[in-house]
Amino acid sequence: QVQLVESGGGLVQAGGSLRLSCAASGRTFSSYAMGWFRQAPGKEREFVAAINWSGGSTDYADSVKGRFTISRDNTKNTVYLQMNSLKPEDTAVYYCAAGRLRSTVMSGDGGYWGQGTQVTVSS
């Protein structure tokens, strides 16, 4: 079992930066792939980024490539999402996800979700 708690959301102006964190419970964090999703008002939840268990492989949605970076620290049971050059369309609730395989995390079928953290980008 994995429990996930996100933090780091907030209000930022367009062009600014934020770093989200997701702290995971459990002694097997390093065996899980991790990911970030987001859901804007009136829209479906969408994939943002994923990282494999070691941090050696990452994937990004086209809309965030070159602006967002996912990373993890297995000694701290934490995954991060560094968000730069933020745009108003990045406004959403951001969710952390976990699963045994990066592919299942990316499809939203990893099985574990955090409660979400709000990111608001003003124009």
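Predicted model, so just to flag it, every value in this text is computed and none were measured.

Parameters and conventions
- Residues numbered from 1 in each chain as written.
- Predicted model: local features only at pLDDT ≥ 70, side-chain atom pairs only at ≥ 80, totals over all residues.
- Heavy atoms only, no water.
- Salt bridge = Lys/Arg side-chain N within 4 Å of Asp/Glu carboxyl O.
- Buried < 20%, exposed > 50% of the residue type's maximum accessible area, 1.4 Å probe, protein only.
- Helix = DSSP H or I, 4+ residues; strand = E, 2+ residues; numbered from the N terminus.
- Core = buried A, V, L, I, M, F, W, Y, C linked by side-chain atoms within 4.5 Å.
- Phe/Tyr/Trp six-rings, centres within 6.5 Å; stacked < 30°, edge-to-face > 60°.

We now examine the pattern of salt bridges. Scanning the entire structure with this criterion turns up 5 salt bridges. Between glutamate 46 and arginine 38 there is a salt bridge, with its nearest N and O atoms 2.6 Å apart. The class of arginine 38 is buried, set by a relative accessible area of 6%. Between arginine 38 and aspartate 90 there is a salt bridge, and its shortest N-O distance comes to 2.9 Å. Linking arginine 38 in strand S4 (residues 33-39) with aspartate 90 in the loop between strand S8 (78-83) and strand S9 (92-99), this pair joins segments that are 52 residues apart in sequence. Of the two residues examined, arginine 38 and aspartate 90, each falls in the buried class. Here the salt bridges share partners, and the residues they tie into one network are Arg38, Glu46, Arg67 and Asp90.

A few words on the nonpolar core. Leu4, Met34, Trp36, Leu81, Met83 and Tyr94 are the most contacted members of the largest nonpolar core, which totals 36 residues. Of all elements in the fold, only strand S3 (18-24), S4, strand S5 (46-51), strand S7 (68-73), S8, S9 and strand S11 (117-122) reach the threshold of two or more residues within this core.

Right, let's talk about the packing of aromatic side chains for a bit. When we look at a pair of aromatic rings, we describe it by the centre distance and by the angle of the planes. Taken as a whole and assessed by the stated rule, the structure comprises 3 aromatic pairs. Judged by centre distance (5.7 Å) and plane angle (75°), the ring pair of phenylalanine 37 and phenylalanine 47 falls under edge-to-face. Residue phenylalanine 37 is found in strand S4, and its partner phenylalanine 47 is found in strand S5; the two are separated by 10 residues along the sequence. Phenylalanine 37 sits in the buried class, given a relative accessible area of 5%. A relative accessible area of 18% means that phenylalanine 47 is categorised as buried. When the centroid spacing of 5.0 Å and the interplanar angle of 70° are considered together, the rings of phenylalanine 37 and tryptophan 113 count as edge-to-face.

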